[in-house]
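In case you want the letters, here they are:
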Amino acid sequence: MIAEMIHLKIIGLQRDSKDLIEHIRDLGVFHVEIEEAVEYRQIADEPMVEKMKFLRAGILGLLEDLGWNDWSSLPQDLVESIGNAVHLDDMAALDEIEKSLVEFKGRLSEMAHEIRAFEESIFALKQVHYIANHFYNFFTEEKKRGKAISFWLVETGKISGLLKKLERKIRSATPVVERPYFNHKLLSQGENISIMALSVDQDKISAVHEIMDEFGCISYTMPKTIVGESAIESPMAAQMELKWLPERLERAKKTLDSTKEEWGPRLAALYILIDDRLESLILENKLSSEGEIFTLTGWIPSSEFEKVKSSLKNRFGERVLITWRSPEPREWPKVPILLDNPRWAKPFELFLKLMPMPGYKSTDPTAFIAIFFPLFAGCMIGDIGYGLIFLLIGLFSLKAFRRKNPILKGVSQILINISVMSIIWGFLYGEFFGDLGHRLFHMEPLWVERTHGIIPVMGFTVSLGVAHVILGLALGAYEGVKYKNKHHTYERLGTLFTLLGIVLFVVGYFNLIELNLVPFVVALLVTGLALLIKGGNLSGFVETIGSVGNVLSYIRIAAIGLSSAILAMVATKFVDVLGVTFFGILLAVLIHLLNLIIAIAGSVLHSARLHYVEFFGKFYEGKGKQYRPIKRRRGTAWRKP
């Protein structure tokens, strides 16, 4: 349900304005409308505010460079101690903070550059060491013979033709009385490039260069090690450097990590202090001042009113005047929305976070989602064994995330609800890991075995669809009446009566009830048609056709459930075929694991689709603004949303 809100006006003395703002932030329930695009429009010319905005952005950049993001563990006493040490209302202090941040950024850049240099050096040395080891023996032997050795980058496809031409060229340039000398060694550097080492007589090196240039080869200079020696002449130097460079890299990383641990929380605390001060300035800017009097207006939940009134009176006494009233209908679009659902439905508020909030005084569908979503998903899974596994996963994750992550906590609770419904449907279908329950325990379905009773299951899911869609249409008509939207009201009621007429016609045609339903069918269809015409255009007829299609789409519940049941039975069949062997059991387990993943993914996605498309489309209009109270950040709420 949507919480009742109260419009609150606070009138006080100008000298109490800063204290009042800080007190409101401590209360953490006061919603003030702030235009996002013009947060600082009226105070943007103040150098101090601009400086604080600049520092806040710079601190976030430094935290990202450090890789620090542990906001949930930021200690409150650290924030308070830094807050006592810095004076954010003093421009000189802000200048000093800026200077320190610039110096820190420089040191951080040096550390990052050093780490990158070490990593690049290690990568390059590994390549150098590999190349040098490959050619070392060749180079040493050829050098002892006094030969000229050169290295080249060659296209692999040209090597054969290049070697033949080199051999002919050297032979033709060698006197007859001498034996021509030519030797080479190759090292592949990928699919298309190789390094070639050539060894020839000293006087033939110019001829080699001519031919290599002709074939488009590039001279390759063997890299030097950090100590300045050529890697090919001293591969041991590269090997020694590869021993101590990783140690220096590790020391540099440890230095960066210690800097992160020491300065990450301090920078985060400074960010919080600056951000809090800027938010206070926004509130100060929202004050309407007349001489010595200020006025501040906003919204609070009605459940918090007595607490807020009592707190303000205790703190400021007669120096503040508080007036309040309920929002008027013309103000409803501006009223912030706070969802206030019972504990059993609260996790399902997560579905509304994926879309705009409902309008004030409109219908909050959370409770309906909490009922129908697990029902649909459990009906699709419909297996006791799978339900027990999901239940264990849900309970484990709920325990793990109960205090750490509210979103994952909600997801865990939703999974538990789905698992409970899966177990219930498993008893109705008589399924425990497919037909394993029947084989081992002679389990029988309490209702129908869905692999044999396809028609009853499909009929039931269509009935679910009828109920779900009719509920959506009824809520849509209610919304139309509430907001005095006649077109919307006539269209939804017309579609509702027409759909009911079609349903009764089907019931009578198949003699599902021993009654004469023709008068009711005619009355509903005529009434529905009249309301659709009253609505004023053809969109109502399109809506009616669409609603019939929406109802039929609920057959997917039966289809997905049937495929899951068949796949579970296939897993058991492998044991029949291969026997109770390791291989047979392994295949069965793997297929059940695959079916588990498909079952939960398919049931969740299709249940969500049935709500977002078939159900919400009948009544839901996301036209509300989320309730965002001004408050101090604590724990996981340190960062501003």
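Residues numbered from 1 in each chain as written. Predicted model: local features only at pLDDT ≥ 70, side-chain atom pairs only at ≥ 80, totals over all residues. Heavy atoms only, no water.

Participant: Please clarify how unusual backbone geometry should be interpreted in this entry.
Facilitator: For residues besides glycine, phi is generally negative; the peptide bonds are generally trans as well. The phi torsion at Phe433 lies on the positive side, around 50°, for a residue other than glycine. With respect to the element layout, Phe433 can be found in the loop between helix H11 (406–429) and helix H12 (436–441). A residue is classified by how much of its surface remains accessible, and Phe433, at 18% relative accessible area, is buried. One non-glycine residue, His442, adopts positive backbone phi at about 55°. Inspection of the secondary structure puts His442 in the loop between H12 and helix H13 (454–482). (Helix = DSSP H or I, 4+ residues; strand = E, 2+ residues; numbered from the N terminus. Buried < 20%, exposed > 50% of the residue type's maximum accessible area, 1.4 Å probe, protein only.)

Participant: Could you clarify how one ought to interpret helix H1 (residues 17–27) in this entry?
Facilitator: Working note: α-helix, 3.6 residues per turn, so residues spaced by three or four point in the same direction. Along H1, the residues that are buried comprise Ser17, Leu20, Ile21, His23, Ile24, Arg25 and Leu27. Following H1 by one or two positions, Gly28 adopts a phi angle in the positive range, close to 70°.

Participant: When you look at the packing of aromatic side chains in this model, what are you seeing that I'm missing?
Facilitator: The geometry of an aromatic ring pair comes down to the distance between the two centres and the angle between the two planes. If you walk through the whole model with that rule in mind, you get 27 aromatic pairs. For the pair Tyr612 and Phe616, a centre-to-centre distance of 5.6 Å together with 85° between the ring planes defines the contact as edge-to-face. Note on Tyr612: relative accessible area 26%, which makes it partly exposed. These aromatic residues form a ring-pair network of at least three members: Phe348, Phe351, Phe368, Phe373, Tyr612, Phe615, Phe616, Phe619 and Tyr620. Here the basic side chain of Arg266 rests over the ring of Trp263, its NZ or CZ set 4.8 Å away from the ring centre. (Phe/Tyr/Trp six-rings, centres within 6.5 Å; stacked < 30°, edge-to-face > 60°. Lys NZ or Arg CZ within 6 Å of the ring centre and 35° of its normal.)

Participant: I tried to follow the environment of Arg439 on my own but got confused; where do I start?
Facilitator: Positionally, Arg439 belongs in helix H12. With relative accessibility at 33%, the residue Arg439 sits in the partly exposed group. In this structure, the C-alpha to C-alpha distance between Arg439 and Tyr271, residues 168 residues apart in sequence, is 64 Å. With residues up to four places along the chain from it excluded, the contact list for Arg439 reads Thr572, Lys573 and Asp576. (Contact = heavy atoms within 4.5 Å.)

Participant: How should the sheet that holds strand S3 (residues 182–188) be read in this particular structure?
Facilitator: Within a sheet, neighbouring strands are paired by backbone hydrogen bonds and run either parallel or antiparallel to one another. A sheet is described by the order of its strands in space; here 4 strands give the open sequence S3-S4-S2-S5, paired in antiparallel fashion. This sheet does not close on itself; its edge strands, each paired only once, are S3 and strand S5 (218–219). In the sheet, S3 pairs with strand S4 (residues 193–200) via 7 bridges, with the strands oriented antiparallel. When the bridges of S4 are listed, Leu187 appears paired with Ile195. Each of strand S2 (148–155), S3 and S4 touches helix H4 (residues 91–144); the most contacted strand, S3, lies at about 175° to it. (Pairing = 2+ DSSP bridges. Axes fitted to C-alpha atoms, helices over the stretch in contact; angles between N-to-C directions.)

Participant: Whenever I open this one, the nonpolar core confuses me. Can you help?
Facilitator: Membership of the largest hydrophobic core comes to 60 residues, with the highest contact counts inside it found for Leu8, Ile10, Phe30, Ile300 and Phe373. Counting residues per element, this core draws most heavily on helix H9 (residues 366–381), which supplies 5 residues. When sequence neighbours within four positions are dropped, the list of residues in contact with Phe30 reads Leu8, Ile10, Ile24, Leu296, Thr297, Gly298, Trp299, Ile300, Tyr627, Pro629 and Ile630. Core analysis: the next-biggest nonpolar cluster, separate from the first, contains 40 residues, Met52, Ile59, Val79 and Ile272 among them. (Core = buried A, V, L, I, M, F, W, Y, C linked by side-chain atoms within 4.5 Å.)

Participant: So what exactly am I meant to see when it comes to the packing of H13 against helix H17 (residues 555–578) here?
Facilitator: Helix packing geometry: the angle between the two helix axes and the distance between the axes. Put simply, H13 and H17 touch, their axes get as near as 7 Å, and they point 140° apart. Comparing their axes, H17 and H13 come out oblique. Contact residues: Ile454, Val457, Met458, Thr461 and Val462 in H13; Ile555, Ile557, Ala558 and Leu562 in H17. Broken down by class, the residue content of the contact of H13 with H17 amounts to 8 nonpolar, 1 polar and no charged. (Parallel < 35°, antiparallel > 145°, perpendicular 65-115°, else oblique. Nonpolar A, V, L, I, M, F, W, Y, C, P; charged D, E, K, R; others polar.)

Participant: Is there a simple way to think about the environment of Glu279 in this case?
Facilitator: Within the element layout of this structure, Glu279 appears in helix H7 (residues 235–286). By relative accessible area, which is 7% here, Glu279 ends up buried.

Participant: Got a minute to help me understand the packing of helix H10 (residues 384–401) against helix H18 (residues 582–615) in this structure?
Facilitator: It is at 11 Å that the axes of H10 and H18 come closest, and there the two elements cross at 75°. Of the possible angle classes, the one that applies to H10 and H18 is roughly perpendicular. For the pair H10 and H18, contact is made by Tyr386, Ile389 and Phe390 and by His592, Asn595, Leu596 and Ile600, respectively. A breakdown of the residues in the contact of H10 with H18 according to their chemical character gives 5 nonpolar, 2 polar and no charged.

Participant: Is there a simple way to explain a nonpolar patch on the surface in this structure?
Facilitator: A cluster of nonpolar side chains, namely Ile502, Phe505, Val506, Tyr509, Phe510, Leu512, Ile513, Leu515 and Leu525, defines an oily patch on the protein surface of about 920 Å² accessible area. If you tally residues by element for the nonpolar patch, the top one is helix H14 (residues 486–509), at 4 residues. (Patch = residues over 30% accessible without salt bridge, like charges linked within 9 Å, V, L, I, M, F, W, Y side chains within 5 Å. Areas by Shrake-Rupley, 256 points an atom, 1.4 Å probe, with all protein chains shown as cover. Salt bridge = Lys/Arg side-chain N within 4 Å of Asp/Glu carboxyl O.)

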